[in-house]
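# Fold and geometry: a report
One letter stands for each residue in the lines below.
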Amino acid sequence: MKAVATAFLLFAAVVYFFARWQESAGAGAWVGYVRAAAEAGMVGALADWFAVTALFRRPLGLPIPHTAIIPTRKDTIGRSLGDFVGTNFLSEDVVRDKLRSAGISRRVGLWLDDADHAERVTSELATAVRGAVQVLRDDDVQAIIEHGVVRKLVDQQWGPPLGRILGQVFSDGSHHKLVDLVCDRAYDWVRDNHETVLRVVSQRAPSWSPKFVDAMLADKIYAEVLSFAWAVRTDSEHPMRQAVDRFLVEFAHDLQHDEKTMAKAEQIKHQVLEHPEVQNLVSSAWGTAKKMLLDAAEDPSSELRVRVRDGLRSLGARLHTEPELQEKVDGWLEGAVTYVVSNYRDELTTLITDTVERWDAQETSRKIELQVGRDLQFIRINGTVVGALAGLAIHTIAELLI
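Residues numbered from 1 in each chain as written. Predicted model: local features only at pLDDT ≥ 70, side-chain atom pairs only at ≥ 80, totals over all residues. Heavy atoms only, no water.

The chain appears in an unreviewed UniProt entry as DUF445 domain-containing protein from Saccharopolyspora mangrovi.

### Considering the overall build of the chain
Looking only at helices and strands, the chain has 19 helices and zero strands in total. Each of the 402 residues in the chain was classed as buried or not, and the buried ones make up 29%. Restricting the contact set of the chain to residue pairs at least 6 apart, pairs at least 24 apart contribute 72%. Accessible surface, the chain as shown: approximately 26,800 Å² in total, 62% of it carbon and sulfur. (Helix = DSSP H or I, 4+ residues; strand = E, 2+ residues; numbered from the N terminus. Buried < 20%, exposed > 50% of the residue type's maximum accessible area, 1.4 Å probe, protein only. Contact = heavy atoms within 4.5 Å. Areas by Shrake-Rupley, 256 points an atom, 1.4 Å probe, with all protein chains shown as cover.)

### A few points about the packing of aromatic side chains
For the structure on display, the rule yields five aromatic pairs. Between the aromatic rings of Phe18 and Trp21, the centroid separation amounts to 6.0 Å while the plane-to-plane angle is 50°, which identifies the pairing as tilted. In this pair, Phe18 and Trp21 are both assigned in helix α1 (residues 2–24), three residues apart and thus about one turn of the helix distant. Its relative accessible area of 52% is what places Trp21 among the exposed residues. Each ring, one from Tyr339 and one from Tyr344, has its centre 6.4 Å from the other, and the planes form 70°; the classification is edge-to-face. A residue is classified by how much of its surface remains accessible, and Tyr344, at 39% relative accessible area, is partly exposed. (Phe/Tyr/Trp six-rings, centres within 6.5 Å; stacked < 30°, edge-to-face > 60°.)

### Some points on a nonpolar patch on the surface
On the surface, a cluster of nonpolar side chains totalling about 340 Å² of accessible area is made up of Leu125, Val129, Leu293, Leu304 and Val308. Elements represented by at least two residues in the nonpolar patch include exactly α7 (115–135) and α17 (303–321). Tracing the chain through its elements places Val308 in helix α17. (Patch = residues over 30% accessible without salt bridge, like charges linked within 9 Å, V, L, I, M, F, W, Y side chains within 5 Å. Salt bridge = Lys/Arg side-chain N within 4 Å of Asp/Glu carboxyl O.)

### Brief notes about α17
Under the 1.5 Å per step criterion, the end-to-end length of α17 is 27 Å for 19 residues, consistent within 8% with the ideal 27 Å. Along α17, the residues that are buried comprise Arg305, Arg309, Leu312, Gly316 and Leu319. Looking down the long axis of α17, one finds its buried residues gathered within 95° of arc, a one-sided arrangement. The exposed set on the far side of α17, more than 90 degrees from its buried face, consists of Arg307 and Thr321. (Expected span 1.5 Å × (residues − 1). Arc of directions from axis to C-beta.)

### Some words on the environment of Thr350
Take Thr350: it is sitting in helix α18 (residues 323–358). Classification of Thr350 by relative accessible area gives partly exposed; the value is 31%. Sequence separation between Thr350 and Asp83 is 267 residues; the distance between their C-alpha atoms is 9.1 Å.

### Looking at the packing of helix α6 (residues 104–112) against α18
For any two helices packed against each other, the geometry comes down to the angle between their axes and how far apart the axes lie. For the pair α6 and α18, the least separation of the axes is 8 Å and the interaxial angle reads 115°. Touching Ile104, Ser105 and Arg106 of α6 are Gln326, Val329, Asp330 and Leu333, all from α18. (Axes fitted to C-alpha atoms, helices over the stretch in contact; angles between N-to-C directions.)

### Considerations on unusual backbone geometry
Positive phi is not limited to glycine here, since His66 has a value of about 60°. Tracing the sequence through the fold places His66 in the loop between α2 (30–56) and α3 (69–72). Phi at Ala68 takes a positive value of approximately 50°, unusual for a residue other than glycine. Looking at Ala68, the relative accessible area reads 7%, which means it is buried.

### Let's talk about the pattern of salt bridges
Counted by the stated rule, this structure contains 19 salt bridges. Measuring nitrogen to oxygen at the nearest pair gives 3.2 Å for the salt bridge that ties Arg35 to Glu39. On the criterion of helical spacing, the pair formed by Arg35 and Glu39 is a turn pair, its members being four residues apart in helix α2. Judged by relative accessible area, which is 17%, Arg35 ranks as buried.

### Here we look at the environment of Trp49
In this structure, Trp49 sits in helix α2. Filtering out sequence-adjacent residues up to four positions away, Trp49 remains in contact with Pro59, Leu60 and Arg380.

### Focus on the side chain of Glu369
Along the polypeptide, Glu369 turns up in helix α19 (residues 361–401). With residues up to four places along the chain from it excluded, the contact list for Glu369 reads Lys2, Phe56, Arg57 and Arg374.

### Here we look at the nonpolar core
Leu9, Ala12, Ala13, Tyr16, Ala38, Met42 and Ala45 form the largest nonpolar core, which has seven residues in total. Taken together, the elements giving at least two residues each to this core come down to α1 and α2. Among the elements that line this core, the one with the most residues is α1, at four residues. If you look at the next biggest cluster of nonpolar residues, it comprises five residues, including Val85, Leu90, Leu99 and Val341. (Core = buried A, V, L, I, M, F, W, Y, C linked by side-chain atoms within 4.5 Å.)

Take a look at the structure:
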């Protein structure tokens, strides 16, 4: 394109010198029109060549003011470009309008509802989980578990919160099924252990007591115990059950307010946490969890991946069929993006300004010229043509008026 634009200049120069030669040779008036057009065309071509060249370098290497604009004002141009992008593209209204017109939640939902797409996302998530788990150092994670989770359990009193939970359970009557189970097991044990009751009575009886008396007494005691167990099992209002309820309610209250009971609960807590089995469980917790995660992430048919895949498809189906959910998700997205744009616009635009500042001035000028230089050469071509037409018009008007 430079060659084409220069050819226009050279053509205008050839025509100009030809016209001058014809004028000196006494040609007609038409030569004046040709000369004026060619002369103005050369002026236009040279002026536009100077203007285009001055953007990228100093014309002919001369230190003319306000030339080589891009190399000398690169940083200023970068800041102006960053401000322009921040004002016109990263404004809150522009971002909101673009997000609303995009219908992102509906399109994402339609995409996720496809089985292949859901499997692809699940696979990518599994890869991310594997990478994250493998990057983490086992000692660091184990230290977090031991000093974070376990320490919280040690420092926190168990009595009051446990008492509040049990109090709520007892007040709702949710414990009655457990009491029913205990009563059933107690009755079954008494019914199935007749010989054990007889043996206990015989062992506790005086040595001088006759054996048949011991047997009769044991049978009587067994019958009474069995009858009592049956009554407790079948009567929901039995005094024994009511006594158990009162004991449990008082126990829940004592866990919250009685110092001795709370101290006993703390003692039991320390005994539990210091037990070797519990210590082994804590020390191996991360290793076990890590192995489970890696195995689940590796196996496409694992329960974890199946649930994630099904969950993604279900979410996708809801996103593209439920307008209320679409509106809610789009609102969350708009809020998040506009928050980032409103609060971090300057940080985002510095990506442009900092990048431009790091560029070499001459290299920057060369890159821009390669991108837009072809179109700029049309300025030179147009300058030649328009200059020639303007010169011709001026000469014609002058001839007509003078």
